[in-house]
Amino acid sequence: MSPRAQKWTLATVLLALAAVFAVWFAHDRHWLASQLVFTAPPLLLALGVVTGRGKAMFWAGVLALFWFSHGVMSAWSHPETAHFAWLELLLALAVIGISSAPGLRQRFSKR
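Description of the structure in this document. These numbers were taken from a predicted model, which means no experiment stands behind them.

So, how was this worked out
Residues numbered from 1 in each chain as written. Predicted model: local features only at pLDDT ≥ 70, side-chain atom pairs only at ≥ 80, totals over all residues. Heavy atoms only, no water. Helix = DSSP H or I, 4+ residues; strand = E, 2+ residues; numbered from the N terminus. Expected span 1.5 Å × (residues − 1). Bend = angle between axes of the 7 residues up to and from the residue. Buried < 20%, exposed > 50% of the residue type's maximum accessible area, 1.4 Å probe, protein only. Contact = heavy atoms within 4.5 Å. Core = buried A, V, L, I, M, F, W, Y, C linked by side-chain atoms within 4.5 Å.

What about helix α4 (residues 82-108)?
A turn of α-helix holds 3.6 residues, and therefore any two residues three or four places apart point the same way. In a regular helix each residue adds 1.5 Å, so 27 residues correspond to 39 Å; α4 covers 36 Å between its end C-alpha atoms and thus fits that length. The axis of α4 is deflected most strongly, by about 50 degrees, at Ala101, and proline Pro102 appears within four residues downstream. The complete set of buried residues in α4 reads Ala82, Phe84, Ala85, Glu88, Leu89, Leu91, Ala92, Val95, Ile98 and Ser99. As for α4, its buried residues are in contact with α1 (3-24) and α3 (56-77).

Next comes the structure, spelled out in structure tokens:
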């Protein structure tokens, strides 16, 4: 995958994750707090990835580890919203894979 395609793919996945959080917490009692904690980070990271900020892809991968953990905990403890948690899990795994692909490619390429 070219760096340009990787950038746009990661931005799309981050926007999809933000959309999942926005819908998931739309009727939350603490709506503003949930949007600031869950929806804003993937939106800001998507903006950083698209504009070419150096560390945005790295931080997307780091935060995806937390999103993955949150998805596992939510899927396990709240079966009524498990479908959102499974979407979060899958999108977090996609973010981890896309953001770490260049490093893995360079590490395991033939020299």
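So, the nonpolar core
Residues Leu10, Leu14, Phe21, Trp24, Trp67 and Val95 are the most contacted members of the largest nonpolar core, which totals 24 residues. Secondary structure elements with two or more residues in this core: α1, α2 (31-51), α3 and α4. The greatest single-element share of this core, amounting to eight residues, is contributed by α1. What Trp67 contacts, discounting residues up to four positions off in sequence, is Leu14, Leu17, Phe21, Pro41, Pro42, Leu45, Ala60, Glu88 and Ala92.

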